[in-house]
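# Observations on the three-dimensional arrangement
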Amino acid sequence: MPTRAETNAKAAQLRAGFEAQGAQAVEPPILQPADTLLDLYGEDIRARAYVTSDALRGEQMLRPDFTVPVVQMHMAIGAEPARYTYAGEVFRRQENDPARANEYVQVGYEVFERADPAASDAEVFALIANALEPYRVRAVTGDIGVLMAVVEGLDTSDMRKKALMRHIWRPRRFRALLERFSGGVPVSPTREALLAGDVDAGAPLVGARRQHEIDHRIAALREDAKTPPISQKDVDLIEALLDISASLPDAIEQLHDLSVDLPVIIPAVAGVVARKDALKSRGVDVDKLAFEGSYGRTSMEYYDGFVFGFRSVDRPDLPPLATGGRYDALTRRLGQGREIPAVGGVMRPGVMLELESSQ
Ligand SMILES: N[C@@H](Cc1c[nH]c[nH+]1)C(=O)O
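Quick caveat, the model's predicted, so the values are computed rather than measured.

### A closer look at a positive patch on the surface
- Together, Lys162, Arg166, Arg173, Arg180, Arg209 and Arg217 give the surface a local cluster of positive charge.
- Counting only elements with at least two residues in the positive patch, the list comes to helix 7 (158-166) and helix 8 (171-181).
- Here Arg217 lies in helix 10 (residues 211-226).

Below you can see the structure in the form of structure tokens.
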């Protein structure tokens, strides 16, 4: 294991590399306001953040990442376009594996730029790929935007779309919901009775929900029961999209095939094509670059476009050396009326050093 001093030295060197590319170094505070920011990360990080309270400032958390505070800072004061870099610790509770670090150093690069999103995606990816040149890595890419476009374009109720959208980040739950909404799962006798109005009005209230919340939920379930099922054809198309795992050019071909039946994905697929061209002009070997339809669905919930990660080929047991993605909607949520396309990524100098010592 590298020492803290070694990791910090490596981090400083990587950050200097990003500064040399024109990024401005920023140092967001370690303590961040939890009550306003924590929701932006989604369920997984929310459960893993170290939260504490402060009599003057309210709920505070040890920063679980830099992207959210950097976006917040940029939306408040930043000139456009902007590039930022940072190095420092992030903190996340580990629930299952005590061997995994609950604090580690990240070095990141974030681009806020309207002009050409595909070029910005490629810039972030290529800079990180260059910094990882000394290691044997395998990169995987994906695009959450394609999946979101499918869900948004589904021929079903808003309630179902919202539920699916919320569960994009929980692949198993997503599949189960899809199956239910397409009528693939028989309605249980208790649910049947509930929908038929067969509710014991005298039953005592147990649990945290109040009567009006229960009534509201039952009304929503009844409304939902009247919604026609999502067609099996749409379900199959979504599954085909999620199952894509190929080189980027082959994946694009499959996406084009799918867009014949799923025209809602045409703009998002055009974005994947533009990104491939931009990556190519940055010198990335796109023919060997992997693309997975489901990639990025277990990470930060603010991603809504390009997603990527780099892992060691020889040490798949180690955490990824780098991860990142596009988060346009996050700038809107923190922008108080303003928004700007944005993309970034982080590297983990600690993991890089660990690899160096085992190479
Ligand atoms: N903040 C992300 C990485 C990232 C930076 N920019 C975009 N994504 C993380 O900690 O996983």
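### Structural notes on the side chain of Thr156
- The topology assignment puts Thr156 in the loop between helix 6 (144-153) and helix 7.
- Excluding residues within four positions of it along the chain, Thr156 makes contact with Lys161, Thr227 and Ile230.

### Examining the nonpolar core
- Ranked by size, the top nonpolar core spans 99 residues in total, and within it Phe112, Phe125, Ile128, Leu132 and Leu164 carry the most contacts.
- For Phe112, the contacting residues outside a window of four places in its chain are Val70, Val71, His74, Pro81, Ala82, Tyr84, Tyr327, Thr331, Ile340, Pro341 and Ala342.

### Brief notes about the pairing of strand 4 (residues 58-62)
- For strand 2 (residues 31-33) and strand 4, the ladder comprises 3 bridges, and the chain directions are antiparallel. Looking at the pairing, Pro33 lines up with Gln60 of strand 4.
- As paired elements, strand 3 (residues 51-54) and strand 4 share 4 bridges and run antiparallel to each other. The residue of strand 4 that forms the bridge with Asp54 is Gly58.
- Linking strand 3 back to strand 4 in an antiparallel pair, the connection comprises 3 residues.

### What to know about the packing of helix 1 (residues 4-20) against helix 15 (residues 349-358)
- As a packed pair, helix 1 and helix 15 sit with axes 9 Å apart at the nearest point and diverge in direction by 110°. It follows that helix 1 is roughly perpendicular to helix 15 by the angle criterion. Where helix 1 crosses over helix 15, the two elements pack in a sense that is right-handed. Listed contacts from helix 15 to Glu6, Thr7, Lys10, Ala11 and Leu14 of helix 1 are Pro349, Gly350, Met352, Leu353 and Glu356.
- By residue class, the composition of the contact of helix 1 with helix 15 is 5 nonpolar, 2 polar and 3 charged.

### Structural notes on the site of the ligand
- Taken together, the neighbourhood of the ligand is formed by 16 residues, with Asp65, Thr67, Arg92, Gln106 and Tyr303 sitting nearest.
- One of the side-chain N or O atoms of Thr67 is found 2.8 Å from a nitrogen atom in the ligand.
- Within the side chain of Arg92, a nitrogen or oxygen atom sits 2.8 Å from an oxygen atom of the ligand.
- Counting residues per element, the ones that place at least two in the shell around the ligand are strand 6 (103-112), strand 11 (322-326) and strand 12 (342-347).
- Among the residues making up the shell around the ligand, the classes are represented as 6 nonpolar, 7 polar and 3 charged.

### What about the sheet that holds strand 4?
- Spatial strand order, 2-4-3: 3 strands in an open sheet with antiparallel pairing. On the outer flanks of this sheet lie strand 2 and strand 3, each paired with one strand and no other. Pairwise comparison of adjacent strand axes, ignoring direction, gives a mean angle of 40° for this sheet.

### Here's the deal with unusual backbone geometry
- That bond from Glu80 to Pro81 is cis: its omega, -20°, falls within 30 degrees of zero.
- Of note, Pro81 is situated in the loop between helix 4 (67-77) and strand 5 (82-91).

### Things to note about the sheet that holds strand 10 (residues 306-312)
- Strand order in the open sheet formed by 9 strands is 1-5-6-12-11-10-7-9-8, with mixed pairing between adjacent strands. Strands at the two margins of the open sheet, each flanked by one partner only, are strand 1 (24-25) and strand 8 (245-247).
- Bridge analysis of strand 11 against strand 12 gives 5 bridges, and the strand direction is antiparallel. Across the sheet, the residue bridging to Gly324 is Gly345, located in strand 12.
- Sitting on the sheet, helix 6 is in contact with strand 7 (137-143) and strand 10, with an inclination near 25° to strand 7.
- Along the sheet, helix 12 (residues 248-261) makes contact with strand 8 and strand 9 (290-292), crossing strand 8 at roughly 120°.

### So, the packing of helix 11 (residues 232-242) against helix 12
- For the pair helix 11 and helix 12, the least separation of the axes is 11 Å and the interaxial angle reads 165°. One element, helix 11, and the other, helix 12, form an angle in the roughly antiparallel class. Handedness of the helix 11/helix 12 crossing: left-handed. Of the residues in helix 12, those in contact with Lys233, Leu237, Ala240 and Leu241 of helix 11 are Leu255, Leu258 and Asp261.
- When the residues that make up the contact of helix 11 with helix 12 are grouped by side-chain class, the tally is 5 nonpolar, no polar and 2 charged.

### Observations concerning the environment of Ala208
- By secondary structure assignment, the location of Ala208 is in the loop between helix 9 (189-195) and helix 10.
- Judged by its relative accessible area of 77%, Ala208 is exposed.
- On a C-alpha basis, the gap between Ala208 and Thr227 in space is 28 Å, while along the polypeptide they are 19 residues apart.

### Focus on the pairing of strand 10
- Taken across its 7 residues, strand 10 has 6 buried, putting it largely inside the fold.
- In this sheet, strand 10 lies alongside strand 7 in antiparallel orientation, the contact comprising 7 bridges. Note on strand 10: the bridge partner recorded for Thr141 is Phe308.
- One ladder, built from 4 bridges, connects strand 10 with strand 11; its direction is antiparallel. Looking across to strand 11, one finds that Phe308 is bridged to Gly324.

Rules of the game
- Residues numbered from 1 in each chain as written.
- Predicted model: local features only at pLDDT ≥ 70, side-chain atom pairs only at ≥ 80, totals over all residues.
- Heavy atoms only, no water.
- Patch = residues over 30% accessible without salt bridge, like charges linked within 9 Å, V, L, I, M, F, W, Y side chains within 5 Å.
- Areas by Shrake-Rupley, 256 points an atom, 1.4 Å probe, with all protein chains shown as cover.
- Salt bridge = Lys/Arg side-chain N within 4 Å of Asp/Glu carboxyl O.
- Lys, Arg positive; Asp, Glu negative; His and termini not counted.
- Charge placed at Lys NZ, Arg CZ, Asp CG, Glu CD.
- Helix = DSSP H or I, 4+ residues; strand = E, 2+ residues; numbered from the N terminus.
- Contact = heavy atoms within 4.5 Å.
- Core = buried A, V, L, I, M, F, W, Y, C linked by side-chain atoms within 4.5 Å.
- Buried < 20%, exposed > 50% of the residue type's maximum accessible area, 1.4 Å probe, protein only.
- Pairing = 2+ DSSP bridges.
- Axes fitted to C-alpha atoms, helices over the stretch in contact; angles between N-to-C directions.
- Parallel < 35°, antiparallel > 145°, perpendicular 65-115°, else oblique.
- Left-handed = near helix turned anticlockwise from the far one by under 90°.
- Nonpolar A, V, L, I, M, F, W, Y, C, P; charged D, E, K, R; others polar.
- Near = heavy atom within 4 Å.
- Polar contact = N/O pair within 3.5 Å; in protein donor to acceptor, adjacent residues only side chain to side chain.

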